[in-house]
Amino acid sequence: MSKKMLFIYNPMAGKEQIKNKLSEIIQIFCKEGFEVTIFATRGREDATKVIEKKGEKYDYVVCSGGDGTMNEVATGLMKLEKRPICGYIPAGTVNDFAASLKIPRVMKNAAVLITDGDVFKCDMGKFNDRYFTYVAGFGAFTEVSYQTPQEWKNALGKAAYFIEALKHIADIKPHHMKIEYDDGVIEGEFILGLISNSVSVAGYKYYEKKNIKMDDGLFEALLIKSLKNPIELQQVLNALLSKQLDADNMCYLSSSFLHIISDDDVQWTLDGEDGGFCNDAYMQNIKESLPIICDRRALASVSSKRTVE
């Protein structure tokens, strides 16, 4: 009996490489007995809408694109009572989510993995009434991903993010916040917050020395307080580069939820896309809610279990 697959791809992601790989990818699926329906996105939330409307008719929903496309697909799946198995063929510039789950960057290899990989039940994040797969962030540089022109991303890769970031150094504004989490409350002035379910953010493994698991029901939160002078800035940069995360102006914590209340509206980014402005953000980790295909052998570093279910 054939397995029904909805294959969603973003033709503009990365260097538009999917255009030359689409036929090969579909052939891989068809040879393994999949009955494939193809959908190309044309604008924001296209993937979410088609999954909400038709997703439960399929056994698998597979997407190819960047982290933003994966976010739309995961959001659509979270809105279904009966969730198909998810597959991901990364085709964006950075692909933090795929990197954290050890999904191959070579598109053909990622497609083969979908035909013979194992299902991993990954945590998802809920941000008020929206969802994110790997990071919700505010403050310094978090807006860079969605403000960087797509043609820059295609041509320059990761370097494009840093070129855009340099333009915003003078715009760093601290926010006074009260942050509630599992173990208590933190209050102060913050210029950056990253609430993640990932070992990689913006292409860099800041949490490399931490025991990060993507199915344990916990977020990792990195918060940077207001910096008063260049010396404090250098201390924070050194901590990030060394992955120690122990500078005086940094807070690192794990929690199943975070409730962040700020004195003013704060601009957020969700998986590198514009998350809008708000002064009251409630983030909840939804444990083991996204069934996604991964390599069992590679998942030892991100699963809280001895074996992947």
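Residues numbered from 1 in each chain as written. Predicted model: local features only at pLDDT ≥ 70, side-chain atom pairs only at ≥ 80, totals over all residues. Heavy atoms only, no water.

Colleague: Sorry, what's going on with the overall build of the protein here?
Modeller: When helices and strands are tallied, the protein shows 9 helices and 13 strands. When each of the 309 residues of the protein is scored for burial, the buried share is 53%. Accessible surface computed for the protein: about 14,300 Å², of which carbon and sulfur atoms make up 49%. (Helix = DSSP H or I, 4+ residues; strand = E, 2+ residues; numbered from the N terminus. Buried < 20%, exposed > 50% of the residue type's maximum accessible area, 1.4 Å probe, protein only. Areas by Shrake-Rupley, 256 points an atom, 1.4 Å probe, with all protein chains shown as cover.)

Colleague: I keep staring at the packing of aromatic side chains and nothing clicks. Help me out?
Modeller: The description of an aromatic ring pair uses the distance of the two centres, along with the angle that the planes make with each other. All chains considered together, the criterion is met by 9 aromatic pairs. Aromatic side chains Phe29 and Phe34 sit 6.0 Å apart centroid to centroid with 70° between the ring planes, which places their arrangement in the edge-to-face category. Assessed through its relative accessible area of 0%, Phe29 is described here as buried. Residues Phe132 and Phe219 carry aromatic rings whose centres are separated by 5.6 Å and whose planes lie at 20° to one another, so their mutual orientation is stacked. Placement of Phe132 in strand 6 (residues 130–132) and of Phe219 in strand 10 (residues 219–225) is noted, with a sequence separation of 87 residues between them. Looking at Phe219, the relative accessible area reads 0%, which means it is buried. Taken together, the ring pairs in this structure connect Phe7, Tyr9, Phe29, Phe34 and Tyr60 into an aromatic cluster. A cation over a ring is seen here: Lys3 above Phe34, with NZ or CZ 4.3 Å from the ring centre. Against the face of Tyr58 rests Lys4, its NZ or CZ located 5.5 Å from the ring centre. (Phe/Tyr/Trp six-rings, centres within 6.5 Å; stacked < 30°, edge-to-face > 60°. Lys NZ or Arg CZ within 6 Å of the ring centre and 35° of its normal.)

Colleague: Quick question: what am I supposed to make of the nonpolar core here?
Modeller: Most often, soluble globular proteins have nonpolar side chains that are buried together. Core analysis: the biggest nonpolar cluster contains 61 residues, and Phe7, Phe29, Ile89, Phe97, Leu101 and Ile292 have the highest contact counts within it. Ranked by residues supplied to this core, first place goes to helix 1 (residues 18–31) with 6 residues. In this structure Ile89 touches Phe7, Ile25, Phe29, Val62, Cys63, Ser64, Gly65, Met107, Ala110, Ala111 and Ile114, once residues within four positions along its chain are discounted. (Core = buried A, V, L, I, M, F, W, Y, C linked by side-chain atoms within 4.5 Å. Contact = heavy atoms within 4.5 Å.)

Colleague: Where do I start with the environment of Val112 in this structure?
Modeller: If you trace the backbone, Val112 turns up in helix 5 (residues 107–116). Sequence spacing of Val112 and Ile28 is 84 residues, and the spatial spacing of their C-alpha atoms is 6.8 Å.

Colleague: So what exactly am I meant to see when it comes to helix 3 (residues 67–78) here?
Modeller: Along an α-helix, residues three or four positions apart point the same way, because every turn accommodates 3.6 residues. For helix 3, spanning 12 residues, the distance from its first C-alpha to its last is 16 Å, which sits close to the expected 16 Å at 1.5 Å a residue. Along helix 3, 12 of the 12 residues are buried, which leaves the element largely enclosed by surrounding structure. Restricting attention to buried positions, one finds in helix 3 the residues Asp67, Gly68, Thr69, Met70, Asn71, Glu72, Val73, Ala74, Thr75, Gly76, Leu77 and Met78. (Expected span 1.5 Å × (residues − 1).)

Colleague: Would you take a moment to explain helix 2 (residues 46–54) for this structure?
Modeller: Looking at helix 2, one finds that the buried residues are Asp46, Ala47, Thr48, Val50 and Ile51. In this fold, the buried residues of helix 2 make contact with strand 1 (3–9), strand 2 (34–40), strand 3 (60–65) and helix 3.

Colleague: When you look at the pairing of strand 4 (residues 85–90) in this model, what are you seeing that I'm missing?
Modeller: As a general feature of sheets, a regular strand has side chains that alternate between the two faces. Burial of strand 4 is extensive: 5 of the 6 residues sit out of reach of the surface. Both strand 3 and strand 4 contribute to a ladder of 6 bridges, which runs parallel. In the strand pairing of strand 4, Gly65 is matched with Pro90. With helix 3 bridging strand 3 and its parallel neighbour strand 4, the resulting β-α-β unit is right-handed. (Pairing = 2+ DSSP bridges. Right-handed = clockwise from strand over helix to strand, strands pointing away.)

Colleague: I'm lost on the packing of helix 2 against helix 3 in this one. Help?
Modeller: The relative placement of two packed helices comes down to the angle between their axes together with the axis-to-axis distance. Where helix 2 contacts helix 3, the axes come no closer than 7 Å and their chain directions differ by 25°. Looking at the two axes, helix 2 sits roughly parallel to helix 3. By crossing handedness, the relation of helix 2 to helix 3 is classed as right-handed. For the pair helix 2 and helix 3, contact is made by Asp46, Ala47, Thr48, Ile51 and Glu52 and by Glu72, Val73, Thr75, Gly76 and Leu77, respectively. For the contact of helix 2 with helix 3, the residue count by class is 4 nonpolar, 3 polar and 3 charged. (Axes fitted to C-alpha atoms, helices over the stretch in contact; angles between N-to-C directions. Parallel < 35°, antiparallel > 145°, perpendicular 65-115°, else oblique. Left-handed = near helix turned anticlockwise from the far one by under 90°. Nonpolar A, V, L, I, M, F, W, Y, C, P; charged D, E, K, R; others polar.)

Colleague: Explain the confidence of the model for the protein here, please?
Modeller: Close inspection of predicted coordinates is inappropriate for parts of the model with low pLDDT. With 79% of its residues at a pLDDT of 70 or more, the protein shows a mean pLDDT of 83. Low pLDDT, under 50, characterises residues 152–163; the stretch is placed with 25 contacts to residues that sit more than four places away or in other chains. (pLDDT = per-residue confidence, 0-100.)

Colleague: Would you mind showing me how to read a positive patch on the surface here?
Modeller: Taken together, the side chains of Lys4, Lys53, Lys54 and Lys57 make up a positively charged region of the molecular surface. Its place among the elements puts Lys54 in helix 2. By relative accessible area, Lys54 is classed as partly exposed at 36%. (Patch = residues over 30% accessible without salt bridge, like charges linked within 9 Å, V, L, I, M, F, W, Y side chains within 5 Å. Salt bridge = Lys/Arg side-chain N within 4 Å of Asp/Glu carboxyl O. Lys, Arg positive; Asp, Glu negative; His and termini not counted. Charge placed at Lys NZ, Arg CZ, Asp CG, Glu CD.)

Colleague: So what exactly am I meant to see when it comes to the packing of helix 1 against helix 5 here?
Modeller: Between helix 1 and helix 5, the least distance of the axes is 10 Å, while the angle of their chain directions is 25°. Accordingly, the angle class assigned to the pair helix 1 and helix 5 is roughly parallel. Between helix 1 and helix 5 lies a crossing of right-handed hand. Facing helix 1, whose interface residues are Ile18, Lys21, Glu24, Ile25, Ile28 and Phe29, helix 5 presents Met107, Lys108, Ala111, Val112, Ile114 and Thr115. Of the residues in the contact of helix 1 with helix 5, the class split is 8 nonpolar, 1 polar and 3 charged.

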